Amino acid sequence: MERFERIRESGGWLERYRHASAVCNCAMTFSVYLPPRAEREKVPAVYWLSGLTCTDDNFRVKAGAQRYASELGIALVIPDTSPRGDQVPDVADRYDQGQGAGFYVNATRMPWAKNYHMYDYITRELPLLVEEHLPLVPGLKSISGHSMGGHGALICALREPGAYRSVSAFSPICNPVVCGWGQDCFSLYLGEDREAWKAYDATCLIAAGAAPVPLLIDQGTDDEFLAGQLYPQNLERACQARQFPITLRMQDGYDHSYHFISSFIGEHLAYHEQALRISIKPEPSQLA
């Protein structure tokens, strides 16, 4: 794990790393914001998953999250959205497939299966790596994301019961098996078995009996992708059918951009901090 950037910000440090990923079979890049509290003790983390076309750079530059994370005493872990590199398959003429569009699944169809294992990267490899090398409380984490990353946050929390203390999303792709973005990427990475797609669809996971976890979702009413790609109403209906806890806030006049995210990211991080807050027990040697 090689740190190649370190910037002082909001009293803490915004750092950027690269490492050789065993699950993605290539070099991966991610950013971490460590609040001032991390200089004295280990802190919990919120993982942020970005959307189509993004890298780790979009959120850390545009969202304004570091100031809130500094005040709340939580770290931000910000991975890339896909494997990258000259040897990694891509669809050069499509922004919504290939590099920049990992969709947070484990690909099973070649040539994508060699590299595109973003689900295992987010839920397994990356947490083990950062908790070993950085001042993070092991296992104490929450997850959030935007658009494709909102989809990723939802499915990670639903498929990994107990792994995340809380989950939230901005404008998530809620039912990808019925939208163009999801259908195109799932057929590319997973093949044409639509039943297999449902394992990576939040609406389908809830309908199939996923363990309850409270969902906080913000959705702009002027989002240009609301009608054709996102389908929050499908997720809400699935939750209502199972009395599954969901808070879906339709935010009047907001679009799909980081102007929307920056307006409410402070509320989301406060929501996660409340779920992450714990009393750290003293070591036995300190009780004497």
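The paragraphs below set out a description of the structure included in this document. Because the structure is a prediction, the values reported are computed rather than measured. (Residues numbered from 1 in each chain as written. Predicted model: local features only at pLDDT ≥ 70, side-chain atom pairs only at ≥ 80, totals over all residues. Heavy atoms only, no water.)

Here's the deal with the nonpolar core
Core analysis: the largest hydrophobic core is formed by 70 residues, its most contacted members being Phe103, Ile122, Leu136, Ile143, Tyr189, Leu215 and Leu235. Non-local contacts of isoleucine 122, meaning those with residues more than four positions away in its chain, are made with Leu49, Pro79, Tyr104, Pro127, Ile143, Cys156 and Tyr164. (Core = buried A, V, L, I, M, F, W, Y, C linked by side-chain atoms within 4.5 Å. Buried < 20%, exposed > 50% of the residue type's maximum accessible area, 1.4 Å probe, protein only. Contact = heavy atoms within 4.5 Å.)

Quick word on the pairing of strand E8 (residues 215-220)
Among the 6 residues that make up E8, 6 are buried, leaving the element largely enclosed by the rest of the structure. Residues Leu215, Ile217 and Gln219 of E8 are buried on one face, and the alternating residues Leu216, Asp218 and Gly220, pointing to the opposite face, are buried as well. When E8 meets strand E9 (residues 246-251), the two strands line up parallel, connected through 6 bridges. Paired with aspartate 218 across the strands is arginine 249, a residue of E9. (Helix = DSSP H or I, 4+ residues; strand = E, 2+ residues; numbered from the N terminus. Pairing = 2+ DSSP bridges.)

Considering the pattern of salt bridges
Evaluation of the coordinates by the stated rule reveals 17 salt bridges. The residue arginine 8 makes a salt bridge to glutamate 39 at a minimum N-O spacing of 3.2 Å. Remark: glutamate 39 occurs in the loop between strand E3 (26-34) and strand E4 (43-49) and arginine 8 occurs in strand E1 (residues 2-9); sequence separation between them is 31 residues. A relative accessible area of 54% places glutamate 39 in the exposed class. Aspartate 96 is the salt-bridge partner of arginine 94, the closest N and O atoms lying 2.8 Å from each other. By relative accessible area, which is 31% here, arginine 94 ends up partly exposed. (Salt bridge = Lys/Arg side-chain N within 4 Å of Asp/Glu carboxyl O.)

Nothing here speaks to function; it is geometry throughout.
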